[in-house]
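Take a look at the letters that make up each chain.
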Amino acid sequence: MGRVALFAGLTDAECLRLRQFAELFLHEKNLDLVGGVRLDEEQRLLLAALACLPILSLGMDAYDHWETLIVYPGKFTPGRSEVDEAGVVHPSQSRVGEAWPNGPVIVSWRDVERDLAGDWDYPMNVVIHEMCHQLDGRHGGFDGMPVLPSGLDPRDWIREFTAAFTALRQAVKHRHESFIDPYAGESPAEFFAVACESFFVAPECLAEGYPGVYALLTLYFRQDPLARLGRGSSKS
Ligand SMILES: [Zn+2]
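The model shown is predicted, which means the values in this text are computed figures rather than measured ones.

**Observations concerning the nonpolar core**
Inference 1: Counting residues in hydrophobic clusters, the biggest one holds 62 residues, and the most contacted among them are Cys52, Val127, Ala195, Cys196, Leu206, Val213 and Leu217.
Inference 2: When residues of this core are assigned to their parent elements, the largest contribution, 9 residues, is made by helix H6 (residues 188-201).

Spelled out as structure tokens, the structure:
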């Protein structure tokens, strides 16, 4: 866990809490390794720690509505077709992760490792992405707005996220450089998950491109990765 850049800047108390959460996660959730995946103790702990980073200040209860994490060796293809709004059936495409409102969560181990190596064009972390879908889906559906703490006004959330989502779609449409993965333009739910990925992995990108969204996510997660990663890099 100590070598992972994503955890740089965590205080000793936060590191201890993350480790305790990770151990609890492995105890409480079903870790279903399929397709020949083998993970040693350290890899399991790392996977669980990544899953728990978003809930470090929210608490384990934030994941109490689902219980199974499935790990595939690489990209996987869901065994179902998808029907679009016009009723056209599309064969399912291979993917690196998937989340269902009440579980399971599915990730590709190869992509977990690739993300940690920083092998991406845009800030990515499939585990954080899917876990944030789970937080979004805690109220029963994915719409890009998780259950907010009492101090956060849903109107502020809707205003900032809608403006950022619209701006990103415009940037993609006009082939402008995007601050975060253009896949965020797929839907408000994907925008939320991708914004959260950037929030933890490369917060400077999100803070520069969508400062209002960054500020809201610091209030929602009760974490400030930009300040934390700055501390972490100046320490080493
Ligand atoms: Zn997604």
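**Regarding the environment of Leu24**
Inference 1: Looking at the secondary structure, you find Leu24 in helix H1 (residues 12-28).
Inference 2: Taking the C-alpha atoms as reference, Leu24 lies 29 Å from Phe191; in sequence the two are 167 residues apart.

**A closer look at the packing of H1 against helix H2 (residues 41-52)**
Inference 1: Where H1 contacts H2, the two axes come as close as 8 Å, and the packing angle between them is 110°. In terms of their interaxial angle, H1 and H2 are classed as roughly perpendicular. Between H1 and H2, the residues in contact are Leu18, Phe21, Ala22, Phe25 and Leu26 and Arg44, Leu45, Ala48, Ala49, Ala51 and Cys52, respectively.
Inference 2: Grouping the constituent residues of the contact of H1 with H2 by class yields 10 nonpolar, no polar and 1 charged.

**Concerning the sheet that holds strand E6 (residues 105-108)**
Inference 1: Spatially, 4 strands are ordered E1-E2-E6-E5 in an open sheet, and the strand pairing comes out mixed. The open sheet has two free edges, formed respectively by strand E1 (30-33) and strand E5 (97-99), since each of these has just one partner strand. Averaged over neighbouring strand pairs, the angle between their axes works out to 15° when direction is ignored.
Inference 2: By the bridge criterion, 3 bridges tie E5 to E6 in an arrangement that is antiparallel. Of the residues in E6, the one forming a bridge with Gly97 is Val107.
Inference 3: Packing against the sheet, helix H3 (residues 109-116) makes contact with strand E2 (68-72) and E6, and its axis sits at approximately 65° to E6.

**Examining H6**
Inference 1: In this model, H6 (14 residues) spans 20 Å end to end at C-alpha, consistent with the 20 Å of a helix rising 1.5 Å per residue.
Inference 2: With 11 of 14 residues buried, H6 lies mostly within the body of the structure.
Inference 3: Of the positions making up H6, those classed as buried are Phe191, Phe192, Ala193, Val194, Ala195, Cys196, Glu197, Ser198, Phe199, Phe200 and Val201.

Criteria and cut-off values
- Residues numbered from 1 in each chain as written.
- Predicted model: local features only at pLDDT ≥ 70, side-chain atom pairs only at ≥ 80, totals over all residues.
- Core = buried A, V, L, I, M, F, W, Y, C linked by C-beta atoms within 7 Å.
- Buried ≥ 20, exposed ≤ 12 C-beta atoms within 10 Å, placed from the backbone.
- Helix = DSSP H or I, 4+ residues; strand = E, 2+ residues; numbered from the N terminus.
- Axes fitted to C-alpha atoms, helices over the stretch in contact; angles between N-to-C directions.
- Parallel < 35°, antiparallel > 145°, perpendicular 65-115°, else oblique.
- Contact = placed C-beta atoms within 7 Å.
- Nonpolar A, V, L, I, M, F, W, Y, C, P; charged D, E, K, R; others polar.
- Pairing = 2+ DSSP bridges.
- Expected span 1.5 Å × (residues − 1).

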